[in-house]
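Take a look at the letters that make up each chain.
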Amino acid sequence: MKRKVIVIGIGAGNPDYVTVQAINALNQVSVFFIPNKGTGKAALARLRREICERYIRGREYRMVDFDTPDRKKPSSDYSQGIEAWRDEVEQVYERLLIEELGDDEEGAFLVWGDPSIYDGTLRILDKIRSRGNFELEYDVIPGISSVQALAARHKVALNRIGESIMITTGRKLADGFPNNVDSVTVMLDAQNAFKSVDGEIDIHWGAYVGTDDEILVTGKLREVCDEIERLRNAAREKHGWIMDSYILTKPEAFGEE
Ligand SMILES: C[S@@+](CC[C@H](N)C(=O)[O-])C[C@H]1O[C@@H](n2cnc3c(N)ncnc32)[C@H](O)[C@@H]1O
């Protein structure tokens, strides 16, 4: 038995972010697997469908919705719990590929943003392939990540000249501003970790970037952090979910290149 899938990065919220390469890939797929999971799942599922309707021309395809198991709450044997959960998720994907896709068909996972940034699809497919229960071939089409979309909307670069780029999570930032960079991009911040950062810092924040609901705020962190918290709460209340990220930057020393 052989299965073939394409992992397609669809950009982070604006159907115009879909690349020509992604459109070509969409037009060779017969089955789209749509996960019922995560933040704003109804809105994200809607966007995936909209993308298919807008860009696929003159061919039949089907959508297969699937549920993934809920992530277990941290417990005393945390890593064991995570392992068991990952195992369950892999089994769901494996079953989908076996039961919902034919030998002569191509399937696709439409990944929000880019598949290389905080997304589990490639890791799951790699695990399934290495289990060897069937032959699995897959390709990856890159997408415009929310990181690029955020930087573009704020018209800023992520790095200083010749310096590293760091992308991290709100959970990591809560341990403090990383000490080996001057600029850090933060995703997946559920608890306003930016509030715990002291010092002279600039923030470029964006929620629902690229969509009609986009909100952008720029300023000195200590001056705008309460406003961002207020906007976040109000937006979460209004939409029932929020996707936001931000770039924190230490101001450049005078004369630095
Ligand atoms: C699970 S990660 C997926 C990232 C995705 N693979 C990418 O390339 O953007 C989800 C996080 O991405 C960020 N994010 C995704 N879409 C966003 C958007 N349209 N505006 C702002 N942040 C976004 C948020 O920090 C969110 O918590």
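Residues numbered from 1 in each chain as written. Predicted model: local features only at pLDDT ≥ 70, side-chain atom pairs only at ≥ 80, totals over all residues. Heavy atoms only, no water.

A. Representation of the overall build of the chain. Looking only at helices and strands, one finds seven helices and 10 strands in the chain. In terms of C-alpha radius of gyration, the chain reaches 20 Å, essentially the compact-globule figure of 18 Å for 257 residues. Within the chain, the fraction of its 257 residues that count as buried is 47%. For the chain, long-range pairs separated by at least 24 residues make up 72% of all intrachain contacts whose partners lie at least 6 apart in sequence. Accessible surface computed for the chain: about 13,800 Å², of which carbon and sulfur atoms make up 46%. Taking the average location of the 34 positive side-chain charges in the chain and that of its 44 negative ones, the two points are 2 Å from each other. (Helix = DSSP H or I, 4+ residues; strand = E, 2+ residues; numbered from the N terminus. Rg over C-alpha atoms; globule rule 2.2 N^0.38 Å. Buried < 20%, exposed > 50% of the residue type's maximum accessible area, 1.4 Å probe, protein only. Contact = heavy atoms within 4.5 Å. Areas by Shrake-Rupley, 256 points an atom, 1.4 Å probe, with all protein chains shown as cover. Lys, Arg positive; Asp, Glu negative; His and termini not counted. Charge placed at Lys NZ, Arg CZ, Asp CG, Glu CD.)

B. Looking closely at the pattern of salt bridges. Here the structure, examined in full by the defined rule, presents 24 salt bridges. One salt bridge in this structure joins Arg54 and Asp16, with 2.6 Å as the shortest N-O distance. Placement of Arg54 in helix H2 (residues 41-55) and of Asp16 in the loop between strand S1 (2-9) and helix H1 (20-26) is noted, with a sequence separation of 38 residues between them. Since its relative accessible area comes to 36%, Arg54 is described here as partly exposed. (Salt bridge = Lys/Arg side-chain N within 4 Å of Asp/Glu carboxyl O.)

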